[in-house]
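# Descriptive analysis of the structure
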Amino acid sequence: MASRSESSMQISETTSSERPTSKSGCCSMPRRYLVAFLAFLGFWNVYALRVNLSVAIVAMTSNYTVTLDNGTVIQKRDFDWDSKTRGLLLSSFFYGYIITQIPGGWLGARVGGALLFGAGIASTALLTLLTPLAATGGVTFLFVLRVLEGVFEGVTYPCIHAVWARWAPPMERSKLATLAFSGSYVGTVVALPLSGYLAKHVGWPYVFYVFGFIGLVWYAVWVAVVREGPELDPRISQEELEYIQKSLGQQPQKTSPPWGQFFKSAPVWAIITAHFAENWGFYTLLTQLPTFMKDTLEFDLKDAGLLSALPYLAMAAVLQMAGHLADWLRSKEFISTTGVRKLFNCGAFISQTTFMMLAAYLLTPLASVACLTVAVGLGGFAWSGFSVNHLDIAPQYASVLMGLSNTFATLPGIISPALTGIIVHSKSVEEWKIVFYIASAIYLFGAVIYAICASGERQPWAILDEPSPAEVKKNEHDRYNGLYDFNSTEQLKLPRPKLYHNDINDF
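What you are looking at is a predicted structure, and each value in this text was computed from that prediction instead of being measured.

Turning next to the overall build of the chain. Looking only at helices and strands, the chain features 20 helices and 2 strands. Taking all 507 residues of the chain together, 55% fall into the buried category. If you take every contact in the chain between residues at least 6 apart in sequence, the share linking residues at least 24 apart comes to 81%. For the chain, the accessible surface area stands at approximately 20,700 Å², while carbon and sulfur atoms represent 64% of it.

Written as structure tokens, this is what we have:
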């Protein structure tokens, strides 16, 4: 438990018995959960727009039968791209994605997380509609378009933490954040089989047309419903508004991120390492699983897309359970926030290490699908660890920290598909084993570092300085002599509502 002086610095935590139950307007859902649900649909689009190429590229480079006017039957393919070219195209998205992580976090905190989150997805959706045209123009055009998609999608993860910094009460951070993040995996679950169906029965261009259109429809709803903060939402109930504001406490002023402290902080590096490790396994399977199932397990395109979605269905379900369980354990004080983050994150990584290794040894259709489903599914617990941890250690810098960790975590999206394309050049079982060995080793490394270095406590460099008794006394003197401007918070750089308490311990 924190001391009185320490707890005054931290975000106040409201127990479940104090939470408002009243609803507002015509919608029975509290506004913070409506924001989370729409963010869930937003991340659904983020990953649907991202993974469609993983399935479509199989159809784009596969042979199909064409009957000529004279009755001759020939084999044809739309694009004659080899394994290295496919790997380069699948990784191209992340060249743009990595550029806007940190700027996206900074802009989200300064300009507005909700604004940039929606704009990033809408811009990606527009570019997705142009994908078939770019592909017919050649590899270079498609590569550039995917890079641009990455640039616009790069702001989404950092910006959502700027949203939660204003909308999520501390004791609901895990479940609100994981509800939103689980949309990524539900999007993958839907996009993979639907992309396979569209590619096989309608034509691969419709993979991009359908998901691009859905993204634009979502954006219209997001702009109409979501506001930057609860105080700006005209439909929120007074009870819910007061609950959120009371839970979050005094909001710190916008200050420049302490970059030096970030890079010297062991808990920050623990988050970065865990984020990198989780994304390595995730991106490896996300971009290569349809190809693995088609080439090694000999599933056809439609079945490969459907079975590739199973691991992400498991992860979406586990994410929901893990988020609620993490907040329940914290609210009941069974385990500290640090303990919850480490237990969920390291337990998931060790389990993923085990099942990825099993998948490397049991390369049969049933065993591989089962092992990979369990491995990816258990990763849902890790997202209640590292992915929420930014809000624990420095809530006012959470969007910037998410941008920082996701910058490092984007590297697997660049390296892994290209590396897999180099390793798996003859499509043999032994080559795929190497891919799984590498992912297992990285998961294990991430578990060790997070167990040693992670923390769930607000860090000293993220705590605002308390005023000294002399500063308080001087400020009281200035106040009564008319020297203090009540509309300014610049004097002494103190939060205006807290300046005039008689008891110094109230700060």
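This brings us to the pattern of salt bridges. Per the counting criterion, the structure on display carries 10 salt bridges. Salt-bridge contacts for E153 lead to R50; the nearest nitrogen and oxygen are separated by 3.2 Å. Of the two residues, E153 is situated in helix α7 (residues 139-153) and R50 in helix α2 (residues 31-60); the sequence distance between them amounts to 103 residues. You'll find E153 and R50 in the same group, each marked buried. Between E231 and R166 there is a salt bridge, and its shortest N-O distance comes to 2.2 Å. Note that E231 is positioned in the loop between α10 (205-225) and α11 (238-248) and R166 in helix α8 (residues 156-167), a separation of 65 residues in sequence. Residue E231 is classed as partly exposed on the basis of its relative accessible area, which comes to 39%.

Another point: the packing of α2 against helix α9 (residues 173-201). Look at α2 against α9: their axes get within 6 Å of each other, and the N-to-C directions meet at 30°. The two elements α2 and α9 meet at a crossing, and its hand is right-handed. Considered class by class, the residues forming the contact of α2 with α9 number 21 nonpolar, 8 polar and 2 charged.

All chains considered together, the criterion is met by 32 aromatic pairs. A centroid spacing of 6.2 Å and a plane angle of 40° characterise the contact between Y157 and W383, whose relative ring orientation is tilted. Separated by 226 residues along the polypeptide, Y157 in helix α8 and W383 in the loop between α16 (365-382) and α17 (386-393) bring together distant segments of the chain. Look at W383 and F386: their rings are 5.0 Å apart centre to centre, the planes differ by 50°, and that puts the pair in the tilted class. What makes W383 buried here is its relative accessible area of 3%. Judged by relative accessible area, which is 0%, F386 ranks as buried. A connected cluster of aromatic rings, assembled from ring pairs, spans F43, Y47, F117, Y157, F181, Y185, W218, W222, W383 and F386. The ring of Y47 has R50 sitting right over it, with the charged end atom 4.3 Å from the ring centre. Across the ring face of Y97, the terminal group of R50 is positioned such that the distance to the ring centre comes to 4.5 Å.

Of note, E333 is a non-glycine position whose phi angle comes to about 60°, a positive value. As for its position among the elements, E333 is in the loop between α14 (301-331) and α15 (337-361). For E333, a relative accessible area of 53% corresponds to the exposed category.

Our focus in this paragraph is the environment of L216. Here L216 is to be found in helix α10. Accessibility expressed as a relative area gives 29% for L216, which makes it partly exposed. For the pair L216 and T124, spaced 92 residues apart in sequence, the C-alpha separation works out to 9.2 Å. In this structure, L216 is in contact with A122, A125, L126 and L129, ignoring residues within four places of it in sequence.

Of note, T407 is situated in helix α18 (residues 398-423). From its side chain, T407 meets the backbone oxygen of G403 in a polar contact 2.6 Å long.

The topology assignment puts Y64 in strand β1 (residues 64-67). Judged by its relative accessible area of 31%, Y64 is partly exposed. As for Y64 and K76, which are separated by 12 residues in sequence, their C-alpha atoms are 5.4 Å apart.

With 15 residues, helix α3 (residues 83-97) ought to run about 21 Å at 1.5 Å a step, and its terminal C-alpha atoms sit 22 Å apart, in line with that. At S91, α3 shows its strongest bend, of approximately 30°. All of the buried residues in α3 are R86, G87, L89, L90, S91, S92, F93, F94, G96 and Y97. For α3, the N-terminal capping position is held by D82, with its side-chain oxygen 3.3 Å away from the main-chain nitrogen of K84.

Between its first and last C-alpha atoms α2 spans 43 Å; for 30 residues at 1.5 Å apiece the expected length is 44 Å, and the two agree. When the local axis directions of α2 are compared, the greatest deviation, roughly 30°, occurs at R50.

Judged by side-chain polarity, W106, L107, V111 and L115 come together as a nonpolar surface patch covering roughly 360 Å² of accessible area. Here W106 is to be found in helix α4 (residues 101-110). Assessed through its relative accessible area of 40%, W106 is described here as partly exposed.

Caution is warranted with low-pLDDT regions, since their predicted coordinates should not be read in detail. Residues with a pLDDT of 70 or more make up 79% of the chain, whose mean pLDDT is 80. The spread of mean pLDDT over the elements of the chain runs between helix α1 (residues 4-7), the lowest at 37, and α10, the highest at 95. Across residues 1-19, confidence stays below pLDDT 50; counting only partners more than four residues off in sequence or on other chains, it has 41 contacts. Residue range residues 465-507 is modelled with pLDDT below 50. Its contacts to residues more than four positions away, or to other chains, number 49 contacts.

The rules behind these values
Residues numbered from 1 in each chain as written. Predicted model: local features only at pLDDT ≥ 70, side-chain atom pairs only at ≥ 80, totals over all residues. Heavy atoms only, no water. Helix = DSSP H or I, 4+ residues; strand = E, 2+ residues; numbered from the N terminus. Buried < 20%, exposed > 50% of the residue type's maximum accessible area, 1.4 Å probe, protein only. Contact = heavy atoms within 4.5 Å. Areas by Shrake-Rupley, 256 points an atom, 1.4 Å probe, with all protein chains shown as cover. Salt bridge = Lys/Arg side-chain N within 4 Å of Asp/Glu carboxyl O. Axes fitted to C-alpha atoms, helices over the stretch in contact; angles between N-to-C directions. Left-handed = near helix turned anticlockwise from the far one by under 90°. Nonpolar A, V, L, I, M, F, W, Y, C, P; charged D, E, K, R; others polar. Phe/Tyr/Trp six-rings, centres within 6.5 Å; stacked < 30°, edge-to-face > 60°. Lys NZ or Arg CZ within 6 Å of the ring centre and 35° of its normal. Polar contact = N/O pair within 3.5 Å; in protein donor to acceptor, adjacent residues only side chain to side chain. Expected span 1.5 Å × (residues − 1). Bend = angle between axes of the 7 residues up to and from the residue. Patch = residues over 30% accessible without salt bridge, like charges linked within 9 Å, V, L, I, M, F, W, Y side chains within 5 Å. pLDDT = per-residue confidence, 0-100.

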